[in-house]
Amino acid sequence: MSLTHLNTRGEAHMVDVADKAETRREARASGYITMQPATLALLSAGGLPKGDVLATARIAGIQAAKRTHELIPLCHMLALSKVSIDFEINETESRVEATATCRLSGRTGVEMEALTAVSVACLTLYDMCKAVDKDMIIGEIKLEAKTGGKSGDYYREPERDSPIVTGEYRSGEVTVGLRQDTPCVHVKCLAELRERLGINELDVPFESLKEQTVAGLKAILRERDERFFQLDDSRVLCAVNQVMGSDGTPLTADDEVAFFPPVTGG
Amino acid sequence: MIDVQHAAFDPGFEQTKLLQGRQDIGAIVSFTGLVRDFNEKPDILGMTLEHYPGMTESALNAIVEEAESRWPLQGVRVIHRVGYLAPGDPIVLVLVASAHRRAAFEACDFIMDYLKTRAPFWKKEHTASGHHWVAERASDQRDARRWGES
């Protein structure tokens, strides 16, 4: 990988895109501005001194996308075919979330346009609300997805919760992995369940099971981390040694137990 | 008889291979499943198929054996792809050969119904607005129940 905006002498230059093929390109970027709950309430109710905040910020974002080449030195001037800005009011986090989508059929990507649009939309939100709230924070401006072009499609991986603690441990004792000779039950989580729990595989010492069944295994997992409560969802299926099982299926040392959502092949 | 693979397949080639040197087969039914560009959401750019290696093969073998116990079949071929697939790509092939058409039609239908509800495959769709895991369908469960308990 190299930086395309640097030439062989390491100097900044604009990339010549004349010979690149025209393809349909799209980019989506997001960001948010966190504010006091009271400010958010005023914004939703239309009670701020500068008027309709979201409509103004939307126009600002669209204008910014069109003028990206004036702001970012080595960006090309592009004839965008579409710019859209969407806002979502997130009351739980007390913030306005902005998403910008830019599209064109052309020779260069539009991620800078989408990122600029989101940035300026958030700045405009700040300007519109600053009379009542100066503590607002603009955060996490990022590219979400980009399609078309030679470098291929990009999608940001969804953020995961912190991984579940899986190691065997006793108070005052830190171990890395399990001792080789400990008989274990090997647990796997598959597909959507793996992503939701943030866990792929873990070993549970067989002797720790009070009841030597799948239900007993679930009980031990729940003791380790409350997120394993999700295994009790009636949609979650399980297989013991690759054969469908249920809570009552007996376990022995070295069994492989997989938990997974309903299947969707074919 | 069954294969789980990343590579594409050619239904015509598979059919020719299955029929090679056989004169006892009176009917062959071929089903190919393809990736649509719309499903739960529009504008599907592609999908990733995950499976549970080992269990997938044994589940598919069990489904084929179940079909063979219910109908007089003279040949079955199942190919299911995994990994990244684009709209229009073939996902699954089921070929069923029998002396008579009824058994071949029914067994092919049966294998697909059971495959969709019992074989450990999961689809994650990629769209312009993000990725999501495909949810199971109640209609697939209903379809599978048509064949009674096994």
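Residues numbered from 1 in each chain as written. Chains lettered and ligands numbered in written order. Predicted model: local features only at pLDDT ≥ 70, side-chain atom pairs only at ≥ 80, totals over all residues. Heavy atoms only, no water.

When helices and strands are tallied, chain A shows 6 helices and 10 strands. In chain A, which comprises 266 residues, the proportion classed as buried is 42%. Accessible area for chain A stands at about 14,600 Å²; split by element, carbon and sulfur atoms hold 52% of it. (Helix = DSSP H or I, 4+ residues; strand = E, 2+ residues; numbered from the N terminus. Buried < 20%, exposed > 50% of the residue type's maximum accessible area, 1.4 Å probe, protein only. Areas by Shrake-Rupley, 256 points an atom, 1.4 Å probe, with all protein chains shown as cover.)

All names here are of chain A. The strand order across the open sheet formed by 5 strands is 7-6-10-8-9, and the pairing between neighbours is mixed. Only two strands of the sheet have a single neighbouring strand rather than two, namely strand 7 (201-205) and strand 9 (243-245). Across the sheet, the mean angle separating the axes of adjacent strands is 30° when strand polarity is ignored. (Pairing = 2+ DSSP bridges. Axes fitted to C-alpha atoms, helices over the stretch in contact; angles between N-to-C directions.)

All names here are of chain B. For the pair helix 3 (residues 101-118) and helix 4 (residues 138-145), interaxial distance at closest approach is 9 Å and the crossing angle is 130°. Viewed along their axes, helix 3 and helix 4 adopt a mutual orientation that is oblique. The crossing of helix 3 and helix 4 is left-handed. For the pair helix 3 and helix 4, the contacting residues are Asp113, Tyr114, Lys116 and Thr117 in the first and Asp140, Gln141, Asp143 and Ala144 in the second. (Parallel < 35°, antiparallel > 145°, perpendicular 65-115°, else oblique. Left-handed = near helix turned anticlockwise from the far one by under 90°. Contact = heavy atoms within 4.5 Å.)

Moving on to the pairing of strand 4 (residues 137-147) of chain A. Residues and elements named next belong to chain A. As judged from the 8 bridges shared by strand 1 (residues 23-34) and strand 4, these two strands associate in the antiparallel manner. What sits directly across from alanine 29, in strand 4, is leucine 143. Alignment of strand 4 against strand 5 (residues 154-155), held across 2 bridges, turns out to be antiparallel. By the bridge assignment for strand 5, lysine 146 is matched with tyrosine 154. In this structure, the hairpin formed by strand 4 and strand 5 is closed by a connection of 6 residues, where glycine 148 is found at a positive phi of approximately 90°.

Remark on secondary structure: sheet strands pair via backbone hydrogen bonds, oriented parallel or antiparallel. All names here are of chain A. The strand order across the open sheet built from 5 strands is 2-3-1-4-5, with neighbouring strands paired in antiparallel fashion. Lying at the two open borders of the sheet, with one neighbouring strand each, are strand 2 (82-90) and strand 5. Its contacts with the sheet place helix 1 (residues 37-45) against strand 2 and strand 3 (95-106), and it is angled at close to 125° to strand 2.

Take the domain arrangement of chain A next. Put simply, an interface is often sized by how much accessible area is lost when its parts join up. Assigned domains within chain A: domain 1 (23-155) and domain 2 (184-260). The distance between the C-alpha centroids of domain 1 of chain A and domain 2 of chain A comes to 43 Å. (Domains from an automatic or database assignment.)

Moving on to the interface of chain B and chain A. At the junction of the two partners, chain B supplies 30 residues and chain A supplies 26 residues. Buried surface at the junction of chain B and chain A, both sides included, amounts to about 2,200 Å², of which 55% is carbon and sulfur. If you sort the residues of chain B by the area they bury against chain A, Tyr52, Trp122 and Glu136 of chain B come out on top, with a joint share of 30%. Linking chain B with chain A are 3 salt bridges, by the criterion used here. Among the salt bridges present, the one from arginine 194 of chain A reaches glutamate 50 of chain B, with a minimum N-O distance of 2.7 Å. Our count for the chain B to chain A interface comes out at 16 residue pairs in polar contact (both at pLDDT 80 or more). Mapped onto the side of chain B that touches chain A, the elements with two or more residues apiece are strand 3 (44-51), helix 2 (55-70), strand 6 (90-98), helix 3, strand 7 (121-127) and strand 8 (130-133) of chain B. (Buried area = accessible area lost by both parts, 1.4 Å probe. Salt bridge = Lys/Arg side-chain N within 4 Å of Asp/Glu carboxyl O. Polar contact = N/O pair within 3.5 Å; in protein donor to acceptor, adjacent residues only side chain to side chain.)

The next point concerns the pattern of salt bridges. Oppositely charged side chains are able to pair whenever their charged atoms sit close together. This structure, assessed with the given rule, holds 25 salt bridges over all chains. Here glutamate 223 of chain A ties to lysine 210 of chain A by a salt bridge, and the two come within 3.0 Å at their closest N and O atoms. On the criterion of sequence distance, the pair formed by glutamate 223 of chain A in helix 6 (residues 214-224) and lysine 210 of chain A in the loop between strand 7 and helix 6 is long-range, its members being 13 residues apart. Accessibility classification places glutamate 223 of chain A together with lysine 210 of chain A in one group, the exposed group. Among the salt bridges present, the one from glutamate 14 of chain B reaches arginine 77 of chain B, with a minimum N-O distance of 2.8 Å. Of the two residues, glutamate 14 of chain B is situated in helix 1 (residues 11-19) and arginine 77 of chain B in strand 4 (residues 73-81); the sequence distance between them amounts to 63 residues. Assigned by exposure class, glutamate 14 of chain B and arginine 77 of chain B land together as buried. Within the structure, one salt-bridge network assembled from shared partners comprises Lys218, Arg222, Asp232 and Asp247 of chain A.

On to empty space enclosed by the protein, then. All told, the structure shown has 1 cavity of 30 Å³ or more when counted by the stated rule. The computed volume of the largest cavity comes to approximately 50 Å³. Every residue lining the largest cavity is listed: Glu26, Ala27, Arg28, Thr101, Ala145, Lys146 and Thr147 of chain A together with Ala128 of chain B. (1 Å grid on protein atoms, 1.4 Å probe; cavity = no way out; pocket = protein on both sides within 12 Å on 5 of 7 lines; lining within 4 Å. Points joined across faces, edges and corners; volume = space filled by probe spheres on them.)

A cluster of nonpolar side chains, namely Leu71, Ile72 and Met112 of chain A, defines an oily patch on the protein surface of about 240 Å² accessible area. One can find isoleucine 72 of chain A in the loop between helix 3 (68-71) and strand 2. (Patch = residues over 30% accessible without salt bridge, like charges linked within 9 Å, V, L, I, M, F, W, Y side chains within 5 Å.)

One pair of aromatic rings is described through two measures. These are the centre distance and the angle between the planes. Residues and elements named next belong to chain B. Scanning the model with the defined rule gives 6 aromatic pairs over all chains in all. Look at phenylalanine 110 and tyrosine 114: their rings are 4.2 Å apart centre to centre, the planes differ by 35°, and that puts the pair in the tilted class. Of this pair, phenylalanine 110 and tyrosine 114 both sit in helix 3, 4 residues apart, which is roughly one turn of the helix. Residue phenylalanine 110 shares its accessibility class with tyrosine 114, and that shared class is buried. Pairing phenylalanine 110 with tryptophan 147 gives two aromatic rings, centres 5.5 Å apart and planes at 85°, and the pair type is edge-to-face. (Phe/Tyr/Trp six-rings, centres within 6.5 Å; stacked < 30°, edge-to-face > 60°.)

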